[in-house]
Amino acid sequence: MTHAGCRITVHARNVVGRLGIPPKRADRKAHDRSRMRAVTITKQGGPEVLAVRNFPVRAAGRGEVRISVKAAAVNPTDILLRTNEAYAKGTPGIPGMDAAGVIESVGEGVDRLKVGDEVMAAVSPRRPEGGAQIELQVVPAASVVPIPSGATLAQASTLPMNGLTALLALDLLKLKAGETLAVSGGAGHLGSFMIALAKQRGLRVIADAKTSETELVRSHGVDVVVARGERFCDEVRAATKGGADALFDTALLGRDSFPAIRDGGAYVPVRGWDKGPAERGIRILPVFVSEALERTEWLNELHDLASRGAIKLRVAGEYPPERAADAQRAMEAGGLRGRAVIIF
């Protein structure tokens, strides 16, 4: 297990063997069992409502692949599903938006991927089959790419959803090289991805950090580190002489962060928006990652950047599905520097 706050150094290795299941055995396992274990939200409530249940898994259809899942990341979306009945309505209640594993079978028309490939996938938990935290799942091939070179399956599972969220936000913002992006929650998982991706596009990046994490945030490539908390807006304005061109708000600061944005700038909330009016011509651009889950070209970009080490993959802890409640408790407690991962 890795520790929260530690950055993973990626080394090449036989990642399937490291999890104790050689590829051929993983394929046999998928064929021999008609029902698969999944983390399941049994009802609305606290982490204690999570259980492991068995579900049938259909064959891959045209344009789909079936993946023997070895690792599935835990994200804040999982908690929304568990605590908000509307989010899980019409689904089997299986959380998770990121998976990594081995392709067990492919459907018609799939030629980019093959059986035995180690892959990562972006998954919607609000679809009829549910989310990523099940040991065998069918997903569109467009949502699947190989894991980054040298990454473990656990590390790879932390990349797709958060990486796509950051890329979608950048696509909405359409900032030009040299313009300034402020990022709240710079030490967090999503914030670190946004910093790295924004720098790849030539943006000037300002991010916040508490004193003990200044060097961590600086290591992500940020240009200016400002104080976390009530001084955030003042320090961003001082560093930009009037405010950032845009703010990517992973810390959920909301309207309190508007003073950090210049007149006519843009604000990107990651948990939706109440549709209330902005101020000073600030554009509100909510980001909904469900719109980007089949952006194969973006997933390939994330693969390439992580393979080069431009994006750091951090695992905060590994949990069996029976301890999914503990993984979500760690997420709710805050302060994780990376993602908890369910290991099948």
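Report on the accompanying structure. All values derive from a computational prediction rather than experimental measurement.

## Here's the deal with helix α3 (residues 76-83)
Then, in step 1: Among all positions in α3, only Asp78, Ile79, Leu81 and Arg82 are buried. Each buried residue of α3 sits inside an arc of 155 degrees when the element is viewed along its axis, so together they form one side.
Then, in step 2: Of the surrounding secondary structure, the elements contacted by the buried residues of α3 are β1 (35-41), β2 (50-56), β3 (64-73), α4 (85-88) and α11 (324-333).

## What to know about the nonpolar core
Then, in step 1: Membership of the largest hydrophobic core comes to 52 residues, with the highest contact counts inside it found for Leu181, Met194 and Ile311.
Then, in step 2: Among the elements that line this core, the one with the most residues is helix α6 (residues 160-173), at eight residues.
Then, in step 3: With near-sequence residues (within four places) excluded, methionine 194 lies in contact with Ala166, Ala169, Leu170, Leu181, Val183 and Phe248.
Then, in step 4: Counting residues in hydrophobic clusters, the runner-up holds 34 residues, among them Ala72, Ala340, Ile342 and Phe344.

## Concerning the pairing of strand β14 (residues 315-319)
Two faces belong to every sheet, and in a regular strand the side chains alternate between them.
Then, in step 1: Burial of β14 is extensive: four of the five residues sit out of reach of the surface.
Then, in step 2: Two strands pair when backbone bridges link them, and β14 and strand β15 (residues 339-343) are joined in this way by four bridges, in the parallel orientation. Bridged to valine 315 within β15 is arginine 339.
Then, in step 3: Tracing the backbone out of β14, into α11 and back to the parallel element β15 gives a crossover that is right-handed.

## Regarding the packing of aromatic side chains
Then, in step 1: Under the definition given, this model contains three aromatic pairs.
Then, in step 2: Three or more aromatic residues joined by ring pairs form one cluster here, namely Phe258, Tyr267 and Trp273.
Then, in step 3: Above the plane of the ring of tryptophan 298 lies arginine 295, whose end atom (NZ or CZ) is 3.8 Å from the centre.

## Digging into the environment of isoleucine 311
Then, in step 1: Take isoleucine 311: it is sitting in the loop between α10 (296-307) and β14.
Then, in step 2: Judged by its relative accessible area of 4%, isoleucine 311 is buried.
Then, in step 3: Distance in space between the C-alpha atoms of isoleucine 311 and glycine 116 is 25 Å, their sequence separation being 195 residues.
Then, in step 4: When neighbours within four sequence positions are excluded, isoleucine 311 is seen to be in contact with Leu159, Phe193, Ala196, Leu197, Leu302, Leu305 and Ala306.

## Quick look at the pattern of salt bridges
Then, in step 1: Taken as a whole and judged by the stated rule, the model has 21 salt bridges.
Then, in step 2: With a closest N to O distance of 2.5 Å, glutamate 297 and arginine 295 form a salt bridge.
Then, in step 3: Residue classification places arginine 295 among the partly exposed positions, given a relative accessible area of 30%.
Then, in step 4: Taken together, the shared-partner salt bridges connect Arg58, Glu64, Arg127 and Glu129 into one network.

## Section: the layout of surface pockets
Then, in step 1: The volume enclosed by the largest pocket comes to roughly 1200 Å³.
Then, in step 2: Lining of the largest pocket is provided by 42 residues; of these, Pro76, Thr250, Val270, Arg271 and Arg339 occupy positions nearest its centre.
Then, in step 3: Of all the secondary-structure elements, those providing two or more residues to the lining of the largest pocket are α3, α6, α7 (189-200), β9 (204-209) and α11.
Then, in step 4: By residue number, the principal contributor to the lining of the largest pocket is α3, which donates five residues.
Then, in step 5: In the lining of the largest pocket, the residues fall into 19 nonpolar, 14 polar and nine charged.

## Observations concerning the sheet that holds strand β13 (residues 283-284)
Then, in step 1: Pairing within the open sheet is parallel, and its six strands lie in the order β10-β9-β8-β11-β12-β13. Edge positions in the sheet fall to β10 (224-227) and β13, since each of these pairs with one other strand and no more.
Then, in step 2: Of the strand pairs in this sheet, strand β12 (residues 261-269) and β13 are connected by two bridges, and their pairing is parallel. When the bridges of β13 are listed, tyrosine 267 appears paired with isoleucine 284.

## Examining α10
Then, in step 1: Look at α10: 16 Å from first C-alpha to last across twelve residues, which is about the 16 Å you get at 1.5 Å a residue.
Then, in step 2: All of the buried residues along α10 are Thr296, Trp298, Leu299, Leu302, His303, Leu305 and Ala306.
Then, in step 3: On its buried face, α10 is in contact with β5 (118-122), β7 (144-146), α6 and α7.
Then, in step 4: Of the residues flanking the end of α10, it is glycine 309, one or two places downstream, whose phi is positive at about 85 degrees.

## Digging into the packing of α6 against α7
Then, in step 1: Relative orientation of the contacting elements α6 and α7 amounts to 50 degrees, with a least axis distance of 9 Å. By the angle class used here, α6 and α7 are oblique. Taken as a pair, α6 and α7 cross one another with a handedness that is right-handed. Where α6 abuts α7, its residues Asn162, Gly163, Thr165, Ala166, Leu167, Ala169 and Leu170 lie against His189, Leu190, Phe193, Met194, Leu197 and Ala198.
Then, in step 2: When its residues are assigned to classes, the contact of α6 with α7 shows nine nonpolar, four polar and no charged.

Each value, and the rule that gives it
- Residues numbered from 1 in each chain as written.
- Predicted model: local features only at pLDDT ≥ 70, side-chain atom pairs only at ≥ 80, totals over all residues.
- Heavy atoms only, no water.
- Buried < 20%, exposed > 50% of the residue type's maximum accessible area, 1.4 Å probe, protein only.
- Helix = DSSP H or I, 4+ residues; strand = E, 2+ residues; numbered from the N terminus.
- Arc of directions from axis to C-beta.
- Contact = heavy atoms within 4.5 Å.
- Core = buried A, V, L, I, M, F, W, Y, C linked by side-chain atoms within 4.5 Å.
- Pairing = 2+ DSSP bridges.
- Right-handed = clockwise from strand over helix to strand, strands pointing away.
- Phe/Tyr/Trp six-rings, centres within 6.5 Å; stacked < 30°, edge-to-face > 60°.
- Lys NZ or Arg CZ within 6 Å of the ring centre and 35° of its normal.
- Salt bridge = Lys/Arg side-chain N within 4 Å of Asp/Glu carboxyl O.
- 1 Å grid on protein atoms, 1.4 Å probe; cavity = no way out; pocket = protein on both sides within 12 Å on 5 of 7 lines; lining within 4 Å.
- Points joined across faces, edges and corners; volume = space filled by probe spheres on them.
- Nonpolar A, V, L, I, M, F, W, Y, C, P; charged D, E, K, R; others polar.
- Expected span 1.5 Å × (residues − 1).
- Axes fitted to C-alpha atoms, helices over the stretch in contact; angles between N-to-C directions.
- Parallel < 35°, antiparallel > 145°, perpendicular 65-115°, else oblique.
- Left-handed = near helix turned anticlockwise from the far one by under 90°.

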